[in-house]
Amino acid sequence: MKTGRSDIEIPDTGEPEATPAWGLAGCLGESDIRIPHTQEWELYHNSFSLCSKKLRVCLAELEIPYRSHHIDLIETGHYENVGRAYLKINPRGLLPVLVHKGRPIYESHDEIVYAAAQAGKRGRELLPKQPETRAVVDQWMDCASLKGDNPVQGSHERAGHCVPGLTLPLFATMVRTIPYREIAKGLLTHPNKERPMVFLALKTLGIHGLAGVTPFMKLIRRSRDDMGHHLDALGKQWERHGQAWITGERFTLADVSWVVILDRLAEADWDEYFWGEGRRPAVSAYWKRLRERPSYGPAIDESRGDSVRRGMVQLKLAKAQNRKLRESLGVARGRTAKS
Ligand SMILES: N[C@@H](CCC(=O)N[C@@H](CS)C(=O)NCC(=O)O)C(=O)O
């Protein structure tokens, strides 16, 4: 598996071939897109992006080798995802995109199902056919997904939609060293201007200014409370079967979808709040098991770039120094999550 960077070079292929694609592309009328490729599987992804991590874990678990195209996001340096070259791969400027024999598959929850469906026996293990087990996989995969156009709406229904709000403090520390001119490029070219607007606001406010902005704080608190309910529900899975993984003894796509959620909570310094000091012991034990899987290191931990690591340190420091910030996030001493 190659995980290094690769600049995208997309030759002009003239008229696209009429080949159906999976995922949202079909709904958007982009189904004719064909991507020049040299390998059966290629992945356009970003080291920090939640949905990209899901694909890297999935492909590692399925033992599918792929050609890696690392695309920067503003959080990791600059808006490569809305540059001309990448918009030819995904006109919405979003990551990840899985390319199979030149066909792009969009939407990470569809991509992992597609990959498993192509992966023979190992694929059937990760995506069991047995209807009751499959229903459990679908339920937890869906809960961890980011669906629709508004990533911060629907946090009550899906843990995936709690993630952007809970990542705001980390975004604020990561964007600190990104020049304003890079964010301005996003304001000009991003298909969804709200996204660069949020980064502009976070850059201007800084982590210490975040606590004073009511709409941001409301979003964080709502995401935090909804995530708490999702984790409580997740913990109940182990009351049912007491085995290692979400559906029982087998690691499935449900676990692929959840390892990245728990990793982001840890990355954005929420792990102590949600499962520290004996809170949610089943979730805490599950998180430990997830980190022990051979896929976790290469697909997630070792791919974490310097910008993320720096942002994580800055965030802990800011919280240690700023009581108002801690109190606004609900993580001040004595105001921790319920057991
Ligand atoms: N529903 C999509 C969500 C894709 C998405 O929002 N990706 C984020 C990274 S996790 C992205 O590309 N953001 C780019 C930007 O906001 O500029 C999926 O599951 O693949």
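As a reminder, the structure under discussion sits directly above these lines.
Only a predicted model underlies this, so the values are computations on that prediction, with no experimental measurement involved. (Residues numbered from 1 in each chain as written. Predicted model: local features only at pLDDT ≥ 70, side-chain atom pairs only at ≥ 80, totals over all residues.)

Draft legend 1. Structural view of unusual backbone geometry. The omega angle of the peptide bond from Leu 95 to Pro 96 is -5 degrees, so this bond is cis rather than trans. Position of Pro 96 among the secondary structure elements: in the loop between helix H3 (84-89) and strand E3 (97-100). The phi angle at Glu 63 is positive, at roughly 55 degrees, despite the residue not being glycine. Its location among the elements puts Glu 63 in the loop between helix H2 (50-62) and strand E2 (67-70). By C-beta crowding, Glu 63 is classed as exposed, having 10 other C-beta atoms within 10 Å. Positive phi, normally seen in glycine, also occurs at Arg 280, with a value near 45 degrees. In this structure, Arg 280 sits in the loop between helix H12 (271-275) and helix H13 (281-292). (Helix = DSSP H or I, 4+ residues; strand = E, 2+ residues; numbered from the N terminus. Buried ≥ 20, exposed ≤ 12 C-beta atoms within 10 Å, placed from the backbone.)

Draft legend 2. Highlighting the environment of Thr 247. Mapping Thr 247 onto the fold places it in the loop between helix H10 (214-241) and helix H11 (253-267). By the C-beta count within 10 Å, which is 25 here, Thr 247 ends up buried. The spacing of Thr 247 and Val 137 is 110 residues in sequence and 6.8 Å in space, taken between C-alpha atoms. Apart from the residues within four sequence positions on either side, Thr 247 is in contact with Thr 133, Val 136, Val 137, Thr 252 and Ala 254. (Contact = placed C-beta atoms within 7 Å.)

Draft legend 3. Broad picture of the site of the ligand. Within the structure, the ligand sits among 15 residues, and Ser 49, Cys 51, Leu 94, Leu 95 and Ser 108 are positioned closest to it. Put simply, the parts of the chain that give the shell around the ligand at least two residues each are H2 and helix H4 (108-117). Counted by class, the shell around the ligand contains 7 nonpolar, 5 polar and 3 charged residues. (Near = placed C-beta within 6 Å. Nonpolar A, V, L, I, M, F, W, Y, C, P; charged D, E, K, R; others polar.)

Draft legend 4. Layout of helix H7 (residues 163-174). Given a rise of 1.5 Å per residue, 12 residues ought to cover 16 Å, and the 16 Å separating the end C-alpha atoms of H7 matches this to within 8%. Most of H7 sits inside the fold, with 12 of its 12 residues counted as buried. Every buried residue belonging to H7 is among Val 163, Pro 164, Gly 165, Leu 166, Thr 167, Leu 168, Pro 169, Leu 170, Phe 171, Ala 172, Thr 173 and Met 174, and all of these are buried. Considering only its buried residues, H7 is in contact with H2, helix H9 (194-210), H10, H11 and helix H15 (306-321). (Expected span 1.5 Å × (residues − 1).)

Draft legend 5. Structural view of the pairing of E3. Because side chains alternate across E3, one face comprises the buried residues Val 97 and Val 99, and the other comprises Leu 98 and His 100, equally buried. By the bridge criterion, 4 bridges tie strand E1 (residues 41-45) to E3 in an arrangement that is antiparallel. Each residue of the ladder has a partner; that of Tyr 44, found in E3, is Val 97. Examined bridge by bridge, E3 and strand E4 (residues 103-105) share 3 bridges and lie antiparallel to one another. Bridging from a neighbouring strand, His 100 pairs with Arg 103 of E4. Linkage of E3 to E4, two consecutive antiparallel strands, is achieved through a turn of 2 residues, within which Lys 101 is found at a positive phi near 50 degrees. (Pairing = 2+ DSSP bridges.)

Draft legend 6. Focus on the sheet that holds E3. In spatial order, the strands read E2-E1-E3-E4; together these 4 strands make up an open sheet with mixed pairing. Strand pairing shows two members of the sheet lacking a second neighbour, E2 and E4, which therefore form its edges. Here the average twist between neighbouring strands, direction ignored, is 20 degrees. Across 4 bridges, E1 lies against E2 in parallel orientation. Bridge pairing in E2 places His 45 opposite His 70. Of the strands in this sheet, E1 and E3 touch H2, which is tilted by about 150 degrees from E1. (Axes fitted to C-alpha atoms, helices over the stretch in contact; angles between N-to-C directions.)

Draft legend 7. The nonpolar core, seen in detail. Among the nonpolar cores identified, the biggest contains 86 residues, and Leu 59 and Leu 253 are the most heavily contacted of them. Among the elements that take part in this core, H11 stands out by supplying 9 residues, more than any other. Each residue touching Leu 253, except ones within four places of it in the same chain, is listed here: Ile 112, Val 113, Ala 116, Leu 126, Leu 127, Val 137 and Met 141. (Core = buried A, V, L, I, M, F, W, Y, C linked by C-beta atoms within 7 Å.)

Draft legend 8. Local environment of the environment of Ala 254. With respect to the secondary-structure elements, Ala 254 resides in helix H11. Accessibility expressed as a C-beta count within 10 Å gives 26 for Ala 254, which makes it buried. Between the C-alpha atom of Ala 254 and that of Val 136, which follows or precedes it by 118 residues, the distance is 8.0 Å.

Draft legend 9. Spotlight on H2. For H2, spanning 13 residues, the distance from its first C-alpha to its last is 19 Å, which sits close to the expected 18 Å at 1.5 Å a residue. Across the 13 residues that make up H2, a large majority, 13, are buried. Following H2 by one or two positions, Glu 63 adopts a phi angle in the positive range, close to 55 degrees.

Draft legend 10. Examining the packing of H7 against H11 more closely. Interhelical geometry of H7 versus H11 gives an angle of 30 degrees and a closest axis separation of 9 Å. Considering their axes alone, H7 and H11 lie roughly parallel with respect to each other. Classified by chirality, the crossing of H11 by H7 is left-handed. Across from Val 163, Leu 166, Thr 167 and Leu 170 in H7, the residues of H11 making contact are Ile 261, Arg 264, Leu 265 and Glu 267. Residues of the contact of H7 with H11, tallied by class, amount to 5 nonpolar, 1 polar and 2 charged. (Parallel < 35°, antiparallel > 145°, perpendicular 65-115°, else oblique. Left-handed = near helix turned anticlockwise from the far one by under 90°.)

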